[in-house]
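Chains, contacts and geometry: an overview
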Amino acid sequence: MNLRALRMFVATAEAGGLGRASTRLHLSQPAASRQLHALEAELGVPLFHRGLGKLQLTAEGADLLRQSHQLLRAAEALRDRARSLSAGDAGTLRVAATPHVIAGVLAPFLAAHRRRHPAVEIELVEGGAAQQPQRLASGDAQLAIMPVGDDRFDGRLLYPVYALAALSKSHALSRQRVIDITQFADESTLLLRREFGSRRWFDAACEIAHIKVRVRLESAAPETLIELAAAGYGIAVIPSTVVIRSESVKVVPLVQHGKALGRWSMAAWDRQRHLPRYARQFLDELIAHAGRTYPGKAHIRHAPRLPKPVLTSSTAQQ
């Protein structure tokens, strides 16, 4: 099957027209049209309705579009492997992470990485921790920064992530070195949405402690929660990966039965997909960077230590 024709099919479907698609792929419109007709003849089904002023996918075309995306990703993986075998120093790496990990961990790291590896393009995919396994499984990302615990994927440890409380300095609990989860029973709480890992840890801890908190806001923006906490609107529960710039809040680690609330983070990848050499170099350098510094270190010095997990033999790529 001609992959150029397949790319033209996908580009035409996404662009909604042959003209924009042919421009994107640097082809003349007649040449692009010939590719589409040849692909339809090879597949034996019409891919687009024509004569409507705008190309529209047929039912068969819509179904085959999904398969085409998968086939093109597989072809790209094959090219990545060939490049890594021949040189291993150029390519595109898609990395999935939460917004606060992108801001607090990856942003400080990427500038130096680009200076060292100018031919490696890093594309970031933003989303909550709950979305990262699907990003890897679908091939939408090659690496994901996510909590340890999903043994479908290979991974390398990065740093511990603690659940923290950010609260007004005038709040009675701000004088404590740690805050037990049971102390939230009578407090107004500001929480990240449920797709974030720290929110799931907090919910699970509350369920174990048999407490129901008063949730005043759920947000995807930790900065919003922190500012509201500074104003005395409630206690914000955030992960230690969030960069806290406000000087109007006190940040205190959360515990349950004397143990820290949190989990180690890892850089994970799908073991069924080839990881290019430049991706492994990225991993080595990110781990070294995270070992020197990561967000939240200043706020967790009074927290009980999170035990370092022992990865299984399939994930211990140290």
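This section reports on the structure supplied with the text. Position numbers for residues start from 1 in each chain and track the written sequence from start to end. Given that this is a predicted model, residues contribute local features only at a pLDDT of at least 70 and side-chain atom pairs are listed and counted only at 80 or more, while totals for whole chains, interfaces and linings are drawn from all residues. Remark: hydrogens and water are excluded; side-chain values derive from all non-hydrogen atoms of the structure.

Counting its secondary structure elements, the protein contains nine helices and 13 strands. Dimensions of the protein along its principal axes, counting C-alpha atoms only, are 75 × 45 × 35 Å. Taking all 318 residues of the protein together, 48% fall into the buried category. Between two residues, a contact is recorded if the distance between any of their heavy atoms is within 4.5 Å. Taking the intrachain contacts of the protein between residues at least 6 apart in sequence as the baseline, contacts between residues at least 24 apart amount to 75%. As presented, the protein carries roughly 16000 Å² of accessible surface, and 51% of it is formed by carbon and sulfur atoms. Charge-centre separation for the protein: the mean point of 42 positive side chains lies 4 Å from the mean point of 28 negative side chains. Every helix listed is a DSSP run of H or I at least four residues long, and every strand listed is a run of E at least two residues long, numbered separately from the N terminus. Exposed residues in this analysis have more than 50% of their type's maximum accessible area, buried residues have under 20%, and partly exposed residues fall in between, with area computed by a 1.4 Å probe over protein chains only. Accessible areas in this description were obtained via Shrake-Rupley with a 1.4 Å probe; residue shielding takes into account the shown protein chains only. When charges are tallied, Lys and Arg are placed among the positive residues and Asp and Glu among the negative ones, while His and the ends of the chain are skipped. To locate a charge, the coordinates of NZ of Lys, CZ of Arg, CG of Asp or CD of Glu are taken.

To qualify as a nonpolar core, a set must consist of buried Ala, Val, Leu, Ile, Met, Phe, Trp, Tyr and Cys residues joined through side-chain atoms within 4.5 Å. In this structure, Ile-145, Tyr-159, Phe-184, Phe-202, Leu-254 and Phe-282 are the most contacted members of the largest nonpolar core, which totals 78 residues. With eleven residues, the top contributor of residues to this core is strand 6 (residues 153–168). Look past the residues within four positions of Phe-202 in its chain and what remains in contact with it is Ile-181, Phe-184, Thr-189, Leu-191, Val-213, Val-237, Leu-254 and Leu-261. In terms of nonpolar packing, the next biggest core, distinct from the first, is built from 17 residues, Leu-6, Ala-21, Leu-47 and Leu-55 among them.

The term salt bridge refers to a pairing of a side-chain nitrogen on Lys or Arg with a carboxyl oxygen on Asp or Glu at a separation within 4 Å. Per the counting criterion, the structure on display carries 15 salt bridges. A salt bridge links Glu-285 to Arg-116; the nearest nitrogen and oxygen atoms lie 2.9 Å apart. Note that Glu-285 is positioned in helix 9 (residues 277–292) and Arg-116 in helix 5 (residues 99–116), a separation of 169 residues in sequence. Arg-273 is the partner of Asp-270 in a salt bridge, and the nearest nitrogen-oxygen pair spans 2.8 Å. When salt bridges with common partners are traced through the structure, they connect Arg-94, Glu-123, Arg-135 and Asp-140 into a single cluster.

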